[in-house]
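# Descriptive structure summary
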Amino acid sequence: MTTKDTLGVAVIGTGRMGADHVRRLDTVISGARPVAVFDAFPGRTEEVAAGVDGCTAYTDFSAALSAPDVDAVLLATPGKAHKEQLLSILERDLPVLCEKPLTPDSDSALEVLKAEQELGRRRITVGFMRRYDAEYMRLKALLDHHELGRPLVMHCQHRNPQPPPDFTEQMLINDSVVHEIDTTRWLLGQEITSVRVLRPAPSAAASGRMRDPQIVLFETSRQAIVDVEIFVHCGFGYQVRCEAVCERGTARVGDGGGIYLQGEGRWGGEITPSFIERFGAAYDREVQQWVDVTRAGRTEGASAWDGYATAAVCEAGVRAQDADGDRISVELIERPTLYRED
Ligand code: ISE
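Everything in this summary refers to the structure shown in the same document. Computed from a predicted model, the values in this text were never measured in an experiment.

### Quick notes on the packing of aromatic side chains
Scanning all chains against the criterion turns up five aromatic pairs. An angle of 50 degrees between the planes, with centres 5.2 Å apart, marks the rings of Trp305 and Tyr308 as tilted. Of this pair, Trp305 and Tyr308 both sit in helix H10 (residues 304-321), three residues apart, which is roughly one turn of that helix. The pair formed by Trp305 and Tyr308 is uniform in burial state, with each residue classed as buried.

Given below as structure tokens:
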């Protein structure tokens, strides 16, 4: 690290997530500061860098990586740009927090895996923020300690009020269910071995654009079954829930506590409008933890292997969308030594 104990971060991509991470690094996170931002769109980059002391805007990716005081990279560009960008980052041997997905497909993920193995040490952390959500962390601890026995089934719901205009049916899997793919693998500590997709009649809000909602079913390496309702045109808010059914009980996260309201003939709570609010604290914890371990010279969290395995499940999921409920198997390479936990 070049700067007195403070990690200088280049934020690559200044869309919704990138801009939010620049704000976070500038005002929330300790031990780091954003020193460079890159985006291919000059106006946007300058706007994001403008309010941040000592942060320079770049429209040249390599220049941003080589900027003075850059010790690490936060990659928040769209997934299709990740492979080339990650290869350049690895070439410079810089630690990187890569927003999900690692890459959009398993072949390109394997190229990244290969480059990291050639480097001989882990440099990539994939930003699956649910791993840093307080409720999910409690669920993970409960499952790890077998408090309720073995998990047999998980029921998941993932609802967005509406998707961005360019959202496609494949993105239901690649952009949304990708989170349940990661949480399933992480919570259960098992690989997903097959995927099935069932598509009911679409909501009128989605009709003509895509079949939404969909039910996605995973089978895992130790025969658990996970069902995911993905519904990105639900209209009423952002909701992510997960219930693990274990041998001696069940545990559910995502019901939302918070304020209790009464009025206009109803009672109840509030639903967050988007993932930015629902997972705000998780993003803070994720970035703080990445900064802390990076400053200590380590790499932890979801690895490039997790990114690869997730991409392989996504591929099977997209094929399953057109397979009329048939089971599509997930094929993985053998886990390389660098990514073995034992
Ligand atoms: C979006 O890209 C995200 O990552 C959100 O967490 C997810 O809920 C949403 O469905 C995706 O489109």
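### Points about helix H5 (residues 106-119)
Its 14 residues give H5 an end-to-end C-alpha distance of 20 Å, which sits within 8% of 20 Å, the value for a rise of 1.5 Å per residue. Among the residues of H5, those classed as buried are Ser106, Ser108, Ala109, Val112, Leu113, Ala115 and Glu116. N-cap assignment for H5: the residue whose side-chain oxygen lies 3.2 Å from the backbone N of Asp107 is Asp105.

### Comments concerning the pattern of salt bridges
Tallying each qualifying case throughout the model produces 30 salt bridges. In this structure, Arg44 and Glu47 form a salt bridge, with 4.0 Å as the shortest nitrogen-oxygen distance. With Arg44 and Glu47 both in helix H2 (residues 42-50) and three residues apart, this pair spans about one turn of that helix. What makes Arg44 partly exposed here is its relative accessible area of 32%.

### Some remarks on the sheet that holds strand E5 (residues 96-99)
What links the strands of a sheet is backbone hydrogen bonding, and the strands pair in either a parallel or an antiparallel sense. Sheet architecture is open: six strands sit in the order E3-E2-E1-E4-E5-E6, paired in parallel fashion. A strand with exactly one partner marks an edge of an open sheet, and here the two such strands are strand E3 (56-58) and strand E6 (124-127). Averaged over all pairs of adjacent strands, the angle between strand axes in this sheet comes to 25 degrees, irrespective of strand direction. Here strand E4 (residues 72-75) runs beside E5; their pairing, made up of three bridges, is parallel. Its bridge partner lying in E5, Leu74 is registered against Leu97.

### Considering the site of the ligand
Around the ligand, a shell composed of Lys100, Met129, His158, Asn160, Phe167, Asp175, Ser176, His179, Tyr238 and Phe275 is seen. Within the contact set of the ligand, an oxygen atom lies 2.7 Å away from a side-chain nitrogen or oxygen of Asp175. Burial of the ligand by the protein amounts to 90% of the accessible area it has alone, namely 300 Å². By residue number, the principal contributor to the shell around the ligand is helix H7 (residues 169-188), which donates three residues. For the shell around the ligand, the per-class residue count stands at four nonpolar, four polar and two charged.

Rules used throughout
- Residues numbered from 1 in each chain as written.
- Predicted model: local features only at pLDDT ≥ 70, side-chain atom pairs only at ≥ 80, totals over all residues.
- Heavy atoms only, no water.
- Phe/Tyr/Trp six-rings, centres within 6.5 Å; stacked < 30°, edge-to-face > 60°.
- Helix = DSSP H or I, 4+ residues; strand = E, 2+ residues; numbered from the N terminus.
- Buried < 20%, exposed > 50% of the residue type's maximum accessible area, 1.4 Å probe, protein only.
- Expected span 1.5 Å × (residues − 1).
- Polar contact = N/O pair within 3.5 Å; in protein donor to acceptor, adjacent residues only side chain to side chain.
- Salt bridge = Lys/Arg side-chain N within 4 Å of Asp/Glu carboxyl O.
- Pairing = 2+ DSSP bridges.
- Axes fitted to C-alpha atoms, helices over the stretch in contact; angles between N-to-C directions.
- Near = heavy atom within 4 Å.
- Areas by Shrake-Rupley, 256 points an atom, 1.4 Å probe, with all protein chains shown as cover.
- Nonpolar A, V, L, I, M, F, W, Y, C, P; charged D, E, K, R; others polar.

By themselves these figures say nothing about function.
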